[in-house]
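One letter stands for each residue in the lines below.
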Amino acid sequence: NVNRNALGVEVTKCIGNRQLRKRIHVNVAHLRKSRCNESFLKRVKDNDQKKRDAKLQGLTAVVKRQPEGPKDMKIVKATEDDVVVLAPLPFIE
């Protein structure tokens, strides 16, 4: 919904254990364009370019995203003085 100096937007409001969608009017000065789709559009553009380049060379381009995978192994070195043993105190009656 668009008025002379305001724009209708939908917001979610947490009520109890659910989210309700509410419609409110907000002044245009308080709005900014959403950027949530930018990375997707950039990836689509890059993938199309990769496909075009691969087609010219007669190859097939792999454009699927790969999961990040586990982090690299680390070795922690410590001397006997640096190690602190945490043990429960003995029960004294």
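Just so you know, these numbers come straight off a predicted model, no measurement behind them.

Q: What is the right way to look at the overall build of the protein chain in this model?
A: Looking only at helices and strands, one finds one helix and two strands in the protein chain. Along the protein chain, from the amino end to the carboxyl end, the secondary structure elements read β-β-α. Considered along the principal axes of its C-alpha atoms, the protein chain spans approximately 80 × 55 × 25 Å. Considering the protein chain as a whole, with its 93 residues, one finds that 4% of them fall into the buried category. Long-range pairs, those at least 24 residues apart, make up 5% of the contacts in the protein chain with a sequence separation of at least 6. Taking the average location of the 21 positive side-chain charges in the protein chain and that of its 11 negative ones, the two points are 19 Å from each other.

Q: Where do I start with helix α1 (residues 38–57) in this structure?
A: Because an α-helix completes one turn every 3.6 residues, residues spaced three or four positions apart along the sequence face the same direction. Taking 1.5 Å per residue, 20 residues should reach 28 Å; α1 reaches 29 Å between its end C-alpha atoms and fits that length. Positive phi shows up at Gly58, right after α1, with a value of about 80 degrees.

Q: Explain the pairing of strand β1 (residues 6–15) here, please?
A: The two faces of a sheet get side chains in turn, since along a regular strand they alternate between them. Inspection of the sheet shows β1 paired to strand β2 (residues 18–27) by 10 bridges, in the antiparallel sense. Counted as the bridge partner of Lys13 is Leu20 from β2. Counting the residues in the hairpin turn of β1 and β2 gives two residues, including Gly16, whose phi is positive at 65 degrees.

Conventions and cut-offs
- Residues numbered from 1 in each chain as written.
- Predicted model: local features only at pLDDT ≥ 70, side-chain atom pairs only at ≥ 80, totals over all residues.
- Heavy atoms only, no water.
- Helix = DSSP H or I, 4+ residues; strand = E, 2+ residues; numbered from the N terminus.
- Buried < 20%, exposed > 50% of the residue type's maximum accessible area, 1.4 Å probe, protein only.
- Contact = heavy atoms within 4.5 Å.
- Lys, Arg positive; Asp, Glu negative; His and termini not counted.
- Charge placed at Lys NZ, Arg CZ, Asp CG, Glu CD.
- Expected span 1.5 Å × (residues − 1).
- Pairing = 2+ DSSP bridges.

These values are about where atoms sit, not about what they do.
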